[in-house]
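Read off the chains here:
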Amino acid sequence: MINELPALGVGLTYCDGLHTFVLEHQDLIDIVEVEPQTLWFADRYADDAYHLDENTASQIDALPMPKLVHGVGFPVGGSRPPRRGQLGPLNCLLSRWHAPWMSEHLSFNRANLSGCEFNTGFLLPPLQTEEGIEAAVRSIRSFASEVGVPLAVETGVSYFAPLPGEMPDGEFVAEVTRRANCGILLDLHNLYANEHNGRQPITSFLDQIPLERVWEVHVAGGQEHRGYWLDAHSGAMSNDLFCLAREIIGSLPNVRAIIFELFSSYVHQVGGGVVLAELERLHEIWEAHGREQPRRLAAAARDPRAALAIGLSPEPREWEDTLGALVAGQDAHGPLADHLQQDPGLAITRELVGDFRASMLASTVKLTIRLLLLTLGETSLSDLLNRFWRLSPPQLFASTEAEVFGQFVRRQQLEIPYLDDVLSFELATVAALIDKKPQIVPFEHDPVVVLRALGEGRLPDSPSEGRFEIELSVGDLPESARIPLSAHPVLH
């Protein structure tokens, strides 16, 4: 399989904010990697159905370099295979871009609470036991059978301490990829964060995985927060990670691509100069790696069927449902829940989920959030959001999160002037963007005065009362309502 994959070179993850940069620096960008969930909308009327955003897809079509596809919404590390609804738009993009392979995370993001399946709001680590291996292999095989290109799985990040008796990260990845016969996307920044946060050292991890299965490498920058190193994709690589990447990539006999990751929210803060410098550094590594003699590291001998500590021997579904519930701020009970609630990584992960859910709302119902902040204050708004999160599990897409939040806000019966008008306007914007149909929005106050004031960050100053209407046409709408849940939320 690997001999049929082309050597592509150096690239970066695509986002709208880097489109012009990509066009201007084609000499340094051999490839772009696209997260497909950023290119479709969840259907408002049919469960597990999606619509492709043709405008942005066509914009990417026009880029002259090859495209890779990197999934962020259907991870394959858990016991629940990816839902089928996203396979249609995914295969459409794989075909139209002639992607030589695709990648997805060796994680999970679906769990069950009181008989209802929900999205966890975060890519969570799988259970690293023999049963966890078998569950991941089934999911990988199921997914791989539905896509028409070879599949690589990404080495994940985890802010949790290893479960007592759980097999090391490297052994788990090695055994899963061997049995599933798939490739590896080696995310060096994930490994860097894991080591800094007390999990397996990078050298030990590399000693255990089959290096010949590594097709692709990711690098990124991160940040420290409350004693943890976050996989934030927030800027340039640290110098020690760059040196590590240079050494490690030289040991990978079959690497076909190196990708620099930067979240879209950091593009303007970081600036094109930093991205340019990172690409130049990665080209140094790429040009040198083919001239070095790869080393073959021997896997450590250990029985992958080693049992967990007495009293903590969950099945994969119990692990996923318990961890998923706790991360989403829901109740969970039993020895496993008690153990996880003692792990400080739970608080960090909850904070990341909350931060990202807030950013999703700020991107889709920005003026509503601003009005709530101006009238309630920061503390009361935080309390309101925390109540919402406790009552409503995370949604995968920002448009759906906004609709659920709107229902929640209306049930609170808050006596805030203009709130219903502004909320209705922003939810209609989301609906028009997804349904591609004009929307009529009634206002009880002059909408120009209300919306302009909030857009400037202040409360409206006595707008005229009356019966007003705004007609939203599809061509006038922002694209923010289609932002999905990312694989790696960050704190702002």
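Residues numbered from 1 in each chain as written. Predicted model: local features only at pLDDT ≥ 70, side-chain atom pairs only at ≥ 80, totals over all residues. Heavy atoms only, no water.

Glancing now at the pairing of strand 8 (residues 116-124). For strand 8, the buried fraction is high: seven of the nine residues fall into the buried class. In this sheet, strand 8 lies alongside strand 7 (residues 108-113) in antiparallel orientation, the contact comprising five bridges. Each bridged residue has a counterpart across the sheet, and for Arg110 the counterpart in strand 8 is Asn119. From the end of strand 7 to the start of strand 8, which pair antiparallel, there are two residues, and Ser114 there has a positive phi angle of about 55°. (Buried < 20%, exposed > 50% of the residue type's maximum accessible area, 1.4 Å probe, protein only. Helix = DSSP H or I, 4+ residues; strand = E, 2+ residues; numbered from the N terminus. Pairing = 2+ DSSP bridges.)

Together, Asp27, Glu280, Glu284 and Glu287 make up a negatively charged patch on the protein surface. Of note, Glu287 is situated in helix 10 (residues 272-289). (Patch = residues over 30% accessible without salt bridge, like charges linked within 9 Å, V, L, I, M, F, W, Y side chains within 5 Å. Areas by Shrake-Rupley, 256 points an atom, 1.4 Å probe, with all protein chains shown as cover. Salt bridge = Lys/Arg side-chain N within 4 Å of Asp/Glu carboxyl O. Lys, Arg positive; Asp, Glu negative; His and termini not counted. Charge placed at Lys NZ, Arg CZ, Asp CG, Glu CD.)

Here we come to the sheet that holds strand 11 (residues 214-219). Strand order in the closed barrel formed by eight strands is 1-2-5-6-9-10-11-14, with parallel pairing between adjacent strands. Recorded for the sheet is a direction-independent mean angle of 30° between the axes of neighbouring strands. With three bridges joining them, strand 9 (residues 151-154) and strand 10 (residues 183-187) adopt parallel strand pairing. When the sheet's bridge partners are listed, Ala152 is paired in strand 10 with Gly183. Together, strand 9, strand 10 and strand 11 form the strand contacts of helix 6 (residues 188-196), whose direction differs from that of strand 10 by roughly 60°. (Axes fitted to C-alpha atoms, helices over the stretch in contact; angles between N-to-C directions. Contact = heavy atoms within 4.5 Å.)

The next thing to look at is the pairing of strand 9. Taking every second residue as pointing to the same face, both faces of strand 9 are buried, with Leu151 and Val153 on one and Ala152 and Glu154 on the other. Examined bridge by bridge, strand 6 (residues 102-105) and strand 9 share four bridges and lie parallel to one another. From the neighbouring strand, His105 faces strand 9, where its bridge partner is Glu154.

Here we come to the packing of helix 8 (residues 239-249) against helix 10. Across the interface, helix 8 lies against helix 10 with an axial gap of 9 Å and an inter-helix angle of 20°. Classified by the angle between their axes, helix 8 and helix 10 sit roughly parallel to one another. Judged by the sense of rotation from one axis to the other, the crossing of helix 8 with helix 10 is right-handed. For the pair helix 8 and helix 10, the contacting residues are Asn239, Phe242, Ala245, Arg246 and Ile249 in the first and Arg281, Glu284, Ile285 and His289 in the second. (Parallel < 35°, antiparallel > 145°, perpendicular 65-115°, else oblique. Left-handed = near helix turned anticlockwise from the far one by under 90°.)

Considering all chains together, one arrives at 19 salt bridges under this definition. Here Glu130 makes a salt bridge to Arg179, at a shortest N to O gap of 2.9 Å. Remark: Arg179 occurs in helix 5 (residues 169-180) and Glu130 occurs in helix 4 (residues 130-144); sequence separation between them is 49 residues. In this pair, the class of Glu130 matches that of Arg179, namely buried. A single salt-bridge network, built from bridges that share partners, covers Glu130, Glu175, Arg178 and Arg179.

Our focus in this paragraph is the packing of aromatic side chains. Taken as a whole and judged by the stated rule, the model has 10 aromatic pairs. Centroid distance Phe122 to Tyr159: 6.4 Å. Interplanar angle 50°. Geometry classified as tilted. Here the residue Phe122 occupies a position in strand 8, and Tyr159 occupies one in the loop between strand 9 and helix 5, the gap between them amounting to 37 residues. Exposure remark for Tyr159: the relative accessible area of 5% places this residue in the buried category. The rings of Phe122, Tyr159 and Tyr228 are connected pair by pair, giving a single aromatic cluster. (Phe/Tyr/Trp six-rings, centres within 6.5 Å; stacked < 30°, edge-to-face > 60°.)

A few words on the nonpolar core. With 82 residues, the main nonpolar core has Leu90, Met102 and Leu186 as its most contacted residues. Per element, the largest residue contribution to this core is six residues, and it comes from helix 8. When near neighbours in sequence (up to four residues on either side) are disregarded, Leu90 contacts Pro36, Trp40, Val69, Phe74, Met102, Phe143 and Val147. Counting 31 residues, the second-largest nonpolar core is a separate cluster that includes Ile369, Leu371, Val409 and Phe443. (Core = buried A, V, L, I, M, F, W, Y, C linked by side-chain atoms within 4.5 Å.)

For an α-helix, 3.6 residues make a turn, and residues three or four places apart therefore share a direction. Of all nine residues that make up helix 6, seven are buried, and the element is covered over most of its length. Every buried residue of helix 6 is accounted for by Leu188, His189, Asn190, Leu191, Tyr192, Ala193 and Asn194. The N-cap residue of helix 6 is Asp187: its side-chain oxygen and the backbone nitrogen of His189 are 3.1 Å apart. (Polar contact = N/O pair within 3.5 Å; in protein donor to acceptor, adjacent residues only side chain to side chain.)

Attention shifts here to the environment of Lys436. Turning to its location among the elements, Lys436 is positioned in the loop between helix 17 (419-435) and strand 15 (439-445). The exposure class of Lys436 is partly exposed, given its relative accessible area of 47%. Each C-alpha atom of the pair Lys436 and Ser473 lies 8.3 Å from the other, and the pair is 37 residues apart in sequence.

The topology assignment puts Arg246 in helix 8. A C-alpha to C-alpha distance of 47 Å links Arg246 and Leu391, two positions 145 residues apart in sequence.

Moving on: the packing of helix 16 (residues 398-412) against helix 17. Two elements in contact, helix 16 and helix 17, have axes separated by 10 Å at closest approach and are oriented at 155°. Judged by the angle between their axes, helix 16 and helix 17 are roughly antiparallel. Taken as a pair, helix 16 and helix 17 cross one another with a handedness that is left-handed. Of the residues in helix 17, those touching helix 16 at Ser399, Ala402, Glu403, Gly406, Val409 and Arg410 are Leu419, Asp420, Leu423, Ser424, Leu427, Val430 and Ile434. Per-class residue counts for the contact of helix 16 with helix 17 are seven nonpolar, three polar and three charged. (Nonpolar A, V, L, I, M, F, W, Y, C, P; charged D, E, K, R; others polar.)

Glycine aside, a negative phi is what most residues show, and trans is what most peptide bonds show. Phi at Arg226 is positive, roughly 50°, even though this residue is not glycine. Considering the arrangement of structural elements, one finds Arg226 in the loop between strand 12 (223-225) and strand 13 (228-230). A positive phi angle, near 50°, is found at Gln413, a position not held by glycine. Relative to the elements of secondary structure, Gln413 occurs in the loop between helix 16 and helix 17.

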